[in-house]
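Coordinate inspection notes
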Amino acid sequence: MNADTASTDELLFAVDAEGIARITLNRPKARNALTFAMYRGLVELCERIEADRAIKAVIITGAGDKAFAAGTDIAQFRSFSKPEDAIGYERFMDRVLGGLERLRVPTIAAIAGACTGGGAAIAAACDMRIASRDARFGFPIARTLGNCLSQNTLRRLANLIGAPRVKDILFTARLVEAQEALAIGLVNEVAEDAAAVAARADALAALLAGHAPLTLQATKEGLRRIAEEGAPESGEGEQPGDDLILMTYMSEDFREGMEAFLGKRPPNFKGR
């Protein structure tokens, strides 16, 4: 039973009693293509999740079994006529995807079917990706819209699979099948079908929800900083990342972890 729900017709949100939040992109007849209102809803949900310390993990999925999300609804672009329309859209997308990337809790993209354009960008912003065998990924904009990805989205993709593979996918405008996506690190796991993807995402979220929240948060943030700024040099004095070290080592959870380990009992982590 859901402990908390908040939904619109196109974006469903629920949090269960174990602290696992689920966001569902809910336009199955349009292959879950995202409207600007859905993107705004994602920003609001990220803010809500960040403020709710009871939430321990997030699953993002698409309604139905045909698509995770087939990009941005193309009709949304018809009104674009000025330079600020293009720049404003990409800045807004950076806010949407950056919000997902910066969430303190682990995020899992549960992907069945098509995962393209803005949908693939959302999946790439998540921490882990589980895909069905019929999933296909890509950004076919070189043969469709003729636009480009922002520097932040390119950086995120390059960190996942390397710049040469990003060039291959974008230049050829091809869609990557699930097994290739697994081989190149674009997804973490492949499951048989949509039902198996959902079950595996639930199991993984439950596993992560039982781990030390501050450890997961520090790991996420540390890796994000390295991806954006590069690895810090070692040396004397205060170093980048010291705040993350202190957040974990000085926490109640660290003390609880030690006592539980020494007492040979499961730890009761509280994220403090």
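Everything numeric in this text was worked out from a predicted model, so none of it was measured.

**Some details on unusual backbone geometry**
- Its identity is not glycine, yet asparagine 32 carries a phi of approximately 60 degrees, on the positive side.
- With respect to the helices, strands and loops of the structure, asparagine 32 is situated in the loop between strand S3 (20-25) and helix H1 (36-51).
- Exposure remark for asparagine 32: the relative accessible area of 0% places this residue in the buried category.

**Digging into the pattern of salt bridges**
- Throughout the structure, instances matching the rule amount to 20 salt bridges.
- Between aspartate 202 and arginine 22 there is a salt bridge, with the nearest N and O atoms lying 2.3 Å from each other. One end of the pair, aspartate 202, is in helix H7 (residues 194-209); the other, arginine 22, is in strand S3, with 180 residues separating them in the sequence.
- Note that glutamate 101 is salt-bridged to arginine 155, the shortest N-O span being 2.9 Å. Of the two residues, glutamate 101 sits in helix H2 (residues 83-102) while arginine 155 sits in helix H4 (residues 151-161), which places them 54 residues apart along the sequence.
- Among the charged side chains, a salt-bridge network with shared partners connects Glu101, Arg102, Arg155, Arg156, Glu221, Arg224, Arg225, Glu228 and Asp243.

**Regarding the packing of aromatic side chains**
- Taken as a whole, this structure holds seven aromatic pairs when the rule is applied.
- Taking 6.3 Å as the distance between ring centres and 70 degrees as the angle between the ring planes, the aromatic pair formed by phenylalanine 36 and phenylalanine 77 counts as edge-to-face. Taken together, the residues phenylalanine 36 in helix H1 and phenylalanine 77 in the loop between strand S5 (67-70) and H2 connect sequence positions 41 residues apart.
- What makes phenylalanine 36 buried here is its relative accessible area of 19%.
- Its relative accessible area of 17% is what places phenylalanine 77 among the buried residues.

**Observations regarding the packing of helix H3 (residues 118-125) against H4**
- Between H3 and H4, the shortest axis-to-axis distance is 10 Å and the interhelical angle comes to 60 degrees. Judged by the inter-axis angle, H3 sits oblique to H4. Where H3 crosses over H4, the handedness of that crossing is left-handed. Listed contacts from H4 to Ala121, Ala124 and Ala125 of H3 are Thr153, Arg156, Leu157 and Leu160.
- Residue composition of the contact of H3 with H4, grouped by class: five nonpolar, one polar and one charged.

**Some thoughts on the pairing of S3**
- Taken across its six residues, S3 has five buried, putting it largely inside the fold.
- For strand S2 (residues 11-16) and S3, the ladder comprises five bridges, and the chain directions are antiparallel. Bridge pairing links alanine 14 to arginine 22 in S3.
- From the end of S2 to the start of S3, which pair antiparallel, there are three residues, and glycine 19 there has a positive phi angle of about 85 degrees.
- Bridge analysis of S3 against strand S4 (residues 57-62) gives six bridges, and the strand direction is parallel. Residue pairing across strands places isoleucine 20 opposite alanine 57, the latter belonging to S4.

So, how was this worked out
Residues numbered from 1 in each chain as written. Predicted model: local features only at pLDDT ≥ 70, side-chain atom pairs only at ≥ 80, totals over all residues. Heavy atoms only, no water. Helix = DSSP H or I, 4+ residues; strand = E, 2+ residues; numbered from the N terminus. Buried < 20%, exposed > 50% of the residue type's maximum accessible area, 1.4 Å probe, protein only. Salt bridge = Lys/Arg side-chain N within 4 Å of Asp/Glu carboxyl O. Phe/Tyr/Trp six-rings, centres within 6.5 Å; stacked < 30°, edge-to-face > 60°. Axes fitted to C-alpha atoms, helices over the stretch in contact; angles between N-to-C directions. Parallel < 35°, antiparallel > 145°, perpendicular 65-115°, else oblique. Left-handed = near helix turned anticlockwise from the far one by under 90°. Contact = heavy atoms within 4.5 Å. Nonpolar A, V, L, I, M, F, W, Y, C, P; charged D, E, K, R; others polar. Pairing = 2+ DSSP bridges.

Any functional reading would require information that these geometric values do not contain.
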